[in-house]
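Given next are the chains, with one letter for each unit.
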Amino acid sequence: MAGDMDNDRQVRRPGECGHRAVPHTADLRIEAWGASREQCLVEAVLGMVECFADLSGVRASAVRQMRVDEGSDDDLLAALLDEVIFRLEVHGEVPVDVEAETDDGGLDMRMAVTDVRSVPITGAVPKAVSWNELHLAPDPYGWSCAVTVDV
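Numbering of residues starts from 1 in every chain and runs along the sequence as written. Reporting of local features is limited, given that this is a predicted model, to residues whose pLDDT is at least 70; pairs of side-chain atoms are given and counted only at 80 or more, and all residues count toward the totals for whole chains, interfaces and linings. Each side-chain value is derived from all of the structure's non-hydrogen atoms; neither hydrogens nor water enter the calculation.

Asks: Which residues make up the sheet that holds strand 8 (residues 128-139), and what are the values?
Replies: Strand pairing follows a simple DSSP-based rule, namely that at least 2 bridges must link the two strands. Helix and strand definitions here come from DSSP, where helices need a minimum of 4 consecutive H or I residues and strands a minimum of 2 consecutive E residues; each element is numbered from the N-terminal end. If you walk across this open sheet you meet the four strands as 3-4-9-8, and the pairing is antiparallel. The two strands at the open ends of the sheet, each matched to only one other strand, are strand 3 (18-22) and strand 8. Pairs of neighbouring strands in the sheet enclose a mean axial angle of 15°, with direction left out of account. The pairing of strand 8 with strand 9 (residues 142-150) spans eight bridges and is classified as antiparallel. Directly across from A128, in strand 9, lies its bridge partner D150. For this analysis, residues touch if any pair of their heavy atoms sits within 4.5 Å. Here the axes come from fitting lines to C-alpha atoms, over the contacting stretch only for helices, and the angles between their N-to-C directions go from 0 to 180 degrees. Each of strand 3, strand 4 (27-34), strand 8 and strand 9 is contacted by helix 1 (residues 37-50), which is oriented at about 150° to strand 4, the strand it contacts most. The strands that helix 2 (residues 73-91) touches are strand 8 and strand 9; relative to strand 8, the one it contacts most, it runs at about 130°.

Now the structure itself:
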């Protein structure tokens, strides 16, 4: 996972981005950070995917575009991760690369995806996003978020 770690504590510098999974009872807890809100959201998606799939050497087979309507920052994080879970469950697609751009009234996402059957599964697949202790907000280095995902 991206970023420097020192005794399980994240060490950040301005402009850095990354993500990590942190221990959480029976679920998956992801922390992500970036210089911008969009970069932080991209890291959250990649962090969630890397917790259950090995993306090394995997190539995208399609690009999906989606729009997430603007709401609170927390709503945006939850909606984005819910969309990734929906695409995984319904279409069998897993993102291998993600781009985000803010547009009037929402967030435009481009996800390079591949068939989940072509990706080595290394952990429990996410089922739902929990609202418990979910947050996305500016911090001294840019933006950070944390989310618990039911597996």
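Asks: If you had to explain the sheet that holds strand 7 (residues 106-115) to someone new, which residues and values would you point to?
Replies: Here we have three strands laid out as an open sheet, ordered 5-7-6, and antiparallel in their pairing. The outermost strands of the open sheet, each flanked by one partner alone, are strand 5 (62-69) and strand 6 (93-103). Across the sheet, the axes of successive neighbouring strands diverge by a mean angle of 25°, strand direction being ignored. Examined bridge by bridge, strand 6 and strand 7 share ten bridges and lie antiparallel to one another. Each residue of the ladder has a partner; that of D103, found in strand 7, is G106.

Nothing here speaks to function; it is geometry throughout.
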